[in-house]
Amino acid sequence: MKTETIRHSLAHILAYAVQELFPGVKFGIGPAIENGFYYDFDTNTDQHRLENRLTQITEGDLHKIEKKMKEIIKQGISFKKEVVSEEKAKEIFKSQPYKLELIEGLPGKTVSLYKSGGFTDLCKGPHVKSTKEIPQDSFKLTRIAGAYWRGSERNPQLSRIYGIGFQTKKELETHLLKEVEAEKRDHRVLGQKMDLFHIDDEVGPGLILWHPKGAILKKIIMDYALREYLNNGYQLVDTPHIAKINLWKTSGHLDFYKENMMPPLHMAEMGKEEKDDYQIKPMNCPFHIAIYKTKIRSYKDLPIRYTEMGTVYRYERSGTLHGLVRVRQITQDDAHIICTPKQLADELFSALKLTKKILKDFGFKDFSIYLSTRPEKFVGTPKIWQKAENALQYALKKLKLKYQTDAGGGAFYGPKIDIKIKDSLNREWQCT
Ligand SMILES: [Zn+2]
Ligand SMILES: [Zn+2]
């Protein structure tokens, strides 16, 4: 049986257990997710909300709910499918406002239900035939969190109970152990313990404050990287952090990258002599191109390789920010190579070789490599894209690197090779 089927069935059993323990509870949704499942519950009525007398399921209830789930599993309850008319379904769920809303949104005239013991849910399945198929000791409720109905802040907040579930007790234990290890290695915890950096509420989310030890560490890494670039024929450049908004129009960023850019700086408001608004940079490319364009270049000057420890600013929704991994300001060891079409393949080969060397110097030997090809929105012609994709393939093959193709995963301005490194727990992180 598929693990996902077990997880999905566990979500039903969780809801059944909560129904038994909290009579009158309203149900949201309860899907299977990575490593487990969740279910959303509302223990409040409109009256509760009006009187601001909210009751919530708490962390302390999880043990009790888990015990109830085990009782239900032991009973060997079967999952029975029933297909009913929309009217019948609305009758069955008449005291379940969230389910009624879901029924409204369903296509077709009939509704598929699953009944397990005293609990009926809107569902297409599949499930286990009987709860006897679920080992009692291979799941665990892990936490509870607030979640808005349908993810919108305008809707009521429900209590989301998370659980993890596996085929065997051993798998569950291995997973829990791995989580403990991951927690010990959480870079946000280590960063604080080792006094390397912090993120400050008063400064803002996604913005890193490097402490003395962290700042010197960062400097050592940057110096090392720069030395490698200089040794490999790159020239150091240094460019502004803001530029006229029109530059980003010309570069295509405003058309293709706007949602990742910070809002514009309204410089024109400063007075009549200021004619332009400005944009804080999300990338360094237009500046490097501006340096290249200051002279008439001969093909004999090529390739020209510019590098910069370029600090860029990206708009990331606050909910997606995470430690040093997802931030709003990042310094990248950026480089741009200007070359003739003939030089392209060899330049890519050298760049990839240098990347591999640098990652190896940091102790990373195990990579997952992806070749990301032309996306739906792109600049340039399909022909030039094909040429670029071929050159990337050539470099990968020449270095005998195994890779997978991520069709349509390229950036708007070109195809790319993504290199993910693996950490001590075998988790993948995109680094290049
Ligand atoms: Zn189901
Ligand atoms: Zn660039």
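Remember, it's a predicted structure, so these values are computed and weren't measured experimentally.

Re the UniProt feature "domain: Aminoacyl-transfer RNA synthetases class-II family profile" (unreviewed entry) in the protein
This chain's UniProt record puts "domain: Aminoacyl-transfer RNA synthetases class-II family profile" (unreviewed entry) on residues 186-432. A distance of 21 Å separates the end C-alpha atoms of residues 186-432, which is 32% helix and 21% strand.

Regarding the sheet that holds strand β14 (residues 304-313)
Spatial strand order, β11-β14-β15: three strands in an open sheet with mixed pairing. A strand with exactly one partner marks an edge of an open sheet, and here the two such strands are β11 (235-236) and β15 (329-338). Two strands pair when backbone bridges link them, and β11 and β14 are joined in this way by two bridges, in the parallel orientation. Paired with L236 across the two strands is T307, which belongs to β14. Contacts between helix α11 (residues 285-292) and the sheet are confined to β14 and β15, with β14 contributing the most and set at about 145° to the helix.

Considerations on the coordination of the zinc ion (ligand 1)
Donor atoms from the polypeptide that coordinate the zinc ion (ligand 1) comprise H8 (NE2), H12 (NE2), C123 (SG) and H127 (NE2), at 1.9 to 2.1 Å from the metal. Taken together, the four donor atoms surrounding the zinc ion (ligand 1) define angles of 93 to 129° at the centre, an arrangement classified as tetrahedral. Mapping the donors of the zinc ion (ligand 1) onto the primary sequence gives the spacing H-x3-H-x110-C-x3-H. Of this pair, H8 and H12 are both found in helix α1 (residues 3-21), four residues apart, which corresponds to roughly one turn of the helix. For H8, a relative accessible area of 15% translates into the label buried.

Some thoughts on the side chain of D186
With respect to the secondary-structure elements, D186 resides in the loop between α6 (169-184) and α7 (187-193). Its relative accessible area of 17% is what places D186 among the buried residues. There is a polar contact of 2.7 Å between the side chain of D186 and the side chain of R188.

Describing empty space enclosed by the protein
Under the counting rule described, the total for this entry stands at one cavity of 30 Å³ or more. Taken as a whole, the largest cavity spans an internal volume of roughly 40 Å³. Looking at the lining of the largest cavity, the elements with two or more residues in it are α12 (344-361) and β16 (367-372). By residue number, the principal contributor to the lining of the largest cavity is α12, which donates four residues. Among the residues making up the lining of the largest cavity, the classes are represented as six nonpolar, one polar and one charged.

A few points about the domain arrangement of the protein
For the protein, the assigned domains read domain 1 (3-179), domain 2 (215-336) and domain 3 (339-432). For the pair domain 2 and domain 3, the summed buried surface comes to about 1300 Å²; carbon and sulfur atoms form 70% of the total. Between domain 2 and domain 3 we count two salt bridges in total. Between E347 and R305 there is a salt bridge, and its shortest N-O distance comes to 2.8 Å. At the boundary of domain 2 with domain 3, the tally comes to four residue pairs in polar contact (both at pLDDT 80 or more). Where the side of domain 2 that touches domain 3 is concerned, the elements lending two or more residues are α8 (212-231) and α10 (253-256). Here the side of domain 2 that touches domain 3 gets four residues from one element, more than from any other, and that element is α8. Split into classes, the residues belonging to the side of domain 2 that touches domain 3 amount to eleven nonpolar, four polar and three charged.

Observations concerning the packing of aromatic side chains
Considering all chains together, one arrives at 13 aromatic pairs under this definition. When the centroid spacing of 5.2 Å and the interplanar angle of 20° are considered together, the rings of Y39 and F41 count as stacked. Considered together, Y39 and F41 belong to a single accessibility category, that of buried residues. With centroids separated by 4.8 Å and ring planes inclined at 10°, the aromatic side chains of F256 and F412 adopt a geometry described as stacked. Of this pair, F256 sits in helix α10 while F412 is found in the loop between β17 (404-406) and β18 (416-422), placing the two residues 156 residues apart along the sequence.

Quick notes on the rules
- Residues numbered from 1 in each chain as written.
- Chains lettered and ligands numbered in written order.
- Predicted model: local features only at pLDDT ≥ 70, side-chain atom pairs only at ≥ 80, totals over all residues.
- Heavy atoms only, no water.
- UniProt positions renumbered as here; feature names shortened; annotations may be inferred.
- Helix = DSSP H or I, 4+ residues; strand = E, 2+ residues; numbered from the N terminus.
- Pairing = 2+ DSSP bridges.
- Contact = heavy atoms within 4.5 Å.
- Axes fitted to C-alpha atoms, helices over the stretch in contact; angles between N-to-C directions.
- Donors = N, O, S within 2.8 Å, 3.2 Å for Na, K, Ca; no water.
- Tetrahedral: all angles 85-135°; square planar, octahedral: opposite > 155°, others 65-115°.
- Buried < 20%, exposed > 50% of the residue type's maximum accessible area, 1.4 Å probe, protein only.
- Polar contact = N/O pair within 3.5 Å; in protein donor to acceptor, adjacent residues only side chain to side chain.
- 1 Å grid on protein atoms, 1.4 Å probe; cavity = no way out; pocket = protein on both sides within 12 Å on 5 of 7 lines; lining within 4 Å.
- Points joined across faces, edges and corners; volume = space filled by probe spheres on them.
- Nonpolar A, V, L, I, M, F, W, Y, C, P; charged D, E, K, R; others polar.
- Domains from an automatic or database assignment.
- Buried area = accessible area lost by both parts, 1.4 Å probe.
- Salt bridge = Lys/Arg side-chain N within 4 Å of Asp/Glu carboxyl O.
- Phe/Tyr/Trp six-rings, centres within 6.5 Å; stacked < 30°, edge-to-face > 60°.

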